[in-house]
Every structure is written in structure tokens, then in C-alpha cells.
Amino acid sequence: MSATPTPTANRQGRATSTAVEEQFLEEMRRRWRRVRGLIRRTAGYENDAFGLRANAEEREAFDFPTNPGTAAAFIRWLRGALRDEVLEPLSLDAVREGRHWTAAYIRAAVVRGVNQSTGLLFQQGASVENIPDEEIPTRPIFARTLQDLYTRAYEDLRDITETDADGIRETLTRGLGEGWNPRKMADALTAEVRDLQHTRAETLARTETIEAHSSATLRNYERVGVDVVGHGEWQHTPGFSCPFCRRLSGAELTIDEMRSGAVEWRGQVYRLKPPAHPNGTCVILPAVGADPPTSPLVERVPGTVLSGA
């Protein structure tokens, strides 16, 4: 049973989803640790599923032929373990209703996004209702957004758990061919799975948290009639600074431009809506009472505009 994320948020500084992000990451890591434990028991000396113990010494001395069938069977087993321990499949209707385990973190990030954006609106003198935390997910404007966010997070996680796992397959094939002992095989396979966790699953948790925060922020600005926003890059947050986001900081954008805009800068593609890139941490600032910018988007943002012009 995962812990319930804390919904309380302050109203200043960088995006206030950090605590939710850490809780999401903690739960994601816990689930992947269970999978690595299963691999250790299955491939290691406890179960020796590949039958490596008895022949370990012989295989070290000979070019043992690889076994594609064994590799394919393990990948199927691994996908099943990831499905059961990490994904926990649900129907699309159940996902949209917020019944998947990832939904609690998405909801908490939305609550924080609404709270922070409400505070930023107050700071600029806007008249805005301060919605109680428990009511935010049920308000129609946020409920519809939540359904889309729930679905996005679930489908992205499903894609990870159904990955082709080429690196894992290559490691297993190499180990079979070189006659690794069970411990070495288990260590190598868990290292590959840990890499998948770090590069994709943890990035998903970070990115989807900020996505939920920024989507709720834009909805909240629309709710009070604000159409012009800016990208706030909090340069005094250690470890969370990006050259592109520093360049974009202060640019005035319409909400539609922020939602749909993307640019290429120094060989990489960035969104205009936080997270502009994986693991982004920036926040969206309102420009209360400002008229929509009249200059072309290409003149207001760095790089080459790909969409949103």
C-alpha cells in the first residue's frame, strides 16, 4: 500500500510539486526494488532458473552457445513481473476515474498547482476564489484535466513495462554464452533493470508530476480570465537550472502558445510548457491584465519555433 501524498502547498518559489515528486519517486523505486528482488531470487543461487550453478566452471572454459529461447522466455517473465509489481493493470475507465496507484500523486500535484497559481494571482491583485484542497479534483475544469493526466501517466508507465528490453536481452545472452555463475548473472540483470528504472521510470514520475502541476496552473489562470503567462526559471534553486529555461525566463506567451509551443535550441527540442524538458522544475507565472503579445512567437523565444507559432 503506497503512502497518500501530502497535498499542502506554499505559493512561492519554484514549482511546489517537489514533495509530491519525491513521494511518487519513493513509491516507484519501491516497486522496482521488488522486481529486482524477484530477479535475484530467480536468476541467482536461490532458484538458479538458468541452470548455471552446475555448469559454471565448464562454461568459463568454453564458448558456450547462446540460447535465444531462454532469453525470450526470461523477457516474457520479466514483462509479467513488471506488469504485476510496477504497473498493476486496470481498465481505461478505471484509470480515468483515478483508481490507479499513480493517480494519488497526479491529484496531489494538481492541488499544489492550483494552490500555487492562486497565490501568484493574489500577489498580482487578481480576484480569485481560493478553492479548498478537497474540492479541487471535483471541480469540472480540473476533473477533466485530471482524467487526461491519469491516462497519460498510466499509458507512459505501461509503455515502460512493455519495453523490448534490448539491453537486458543482450546481457542475458552474453552471460549464457560466457558461462556466468548465478550471482554474476543476477547482478548483471538487476543492474540493467535498475538502469531502466533510473532512465525511464523515475523520469516519468518527475515529468508527470510537473505536467500535472503546470496543467492545473494553466486551467486555474483560464478560470479567472488570465491569458498571458510567463515561464519562471527559479535560478536560485541549487541543481535545478537549465540554460534553455534561463533564456526563456520572462518571455510573455499566451496560454495557447505555452500549451502547444515547441522549439529547437542547440540541437534539442524543448516544450514551452513546463516541464520544458524531462525532469524540468519551472513554474508558470501569470501576467494579470496584460494584453496578448503582438510580436511573432519566434521573436519572443530562443531557438527555432517548431509549433505554436
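The rules behind these values
Residues numbered from 1 in each chain as written. Predicted model: local features only at pLDDT ≥ 70, side-chain atom pairs only at ≥ 80, totals over all residues. Heavy atoms only, no water. Pairing = 2+ DSSP bridges. Helix = DSSP H or I, 4+ residues; strand = E, 2+ residues; numbered from the N terminus. Axes fitted to C-alpha atoms, helices over the stretch in contact; angles between N-to-C directions. Core = buried A, V, L, I, M, F, W, Y, C linked by side-chain atoms within 4.5 Å. Buried < 20%, exposed > 50% of the residue type's maximum accessible area, 1.4 Å probe, protein only. Contact = heavy atoms within 4.5 Å.

Enquirer: How should I be thinking about the sheet that holds strand S3 (residues 262-265) in this particular structure?
Expert: For sheets, the rule is that strands pair by backbone hydrogen bonds, running either parallel or antiparallel. The 3 strands are arranged S4-S3-S6 in an open sheet whose pairing can be described as antiparallel. Looking along the sheet, the strands with just one partner apiece sit at the ends: strand S4 (268-271) and strand S6 (304-307). Across this sheet, the average inter-strand angle for adjacent strands is 35°, counted without regard to direction. Relative to S6, S3 runs antiparallel, the two being bridged by 3 bridges.

Enquirer: What's the story with the nonpolar core in this structure? I'm lost.
Expert: Soluble globular proteins: nonpolar side chains tend toward being buried together. Ranked by internal contacts, the top residues of the largest apolar core, which has 53 residues, are Met28, Trp32, Phe50, Phe74, Met185 and Leu189. Those elements that place two or more of their residues in this core are helix H1 (18-43), helix H3 (68-87), helix H5 (103-123), helix H6 (140-161), helix H7 (166-178) and helix H8 (182-223). No other element matches H8, which puts 11 residues into this core. Every residue in contact with Trp32, bar those within four places of it in the chain, is listed here: Leu82, Val86, Ile160, Val193, Leu196, Gln197 and Ala201. If you look at the next biggest cluster of nonpolar residues, it comprises 25 residues, including Leu121, Leu218, Cys245 and Tyr270.

Enquirer: What is the right way to read the sheet that holds strand S1 (residues 228-232) from this model?
Expert: Taking strand neighbours across the sheet as the criterion, the 3 strands line up as S2-S1-S5 in an open arrangement whose pairing is antiparallel. Either end of the sheet is taken by a strand with one partner, and the two such strands are strand S2 (252-254) and strand S5 (283-286). Mean inter-strand twist for the sheet, computed between neighbouring axes without regard to direction, equals 45°. Both S1 and S2 contribute to a ladder of 3 bridges, which runs antiparallel. Residue pairing in the sheet places Val228 in a bridge with Thr254 of S2. Packed on one face of the sheet, H8 meets S1 and S5 and runs near 10° to S5.

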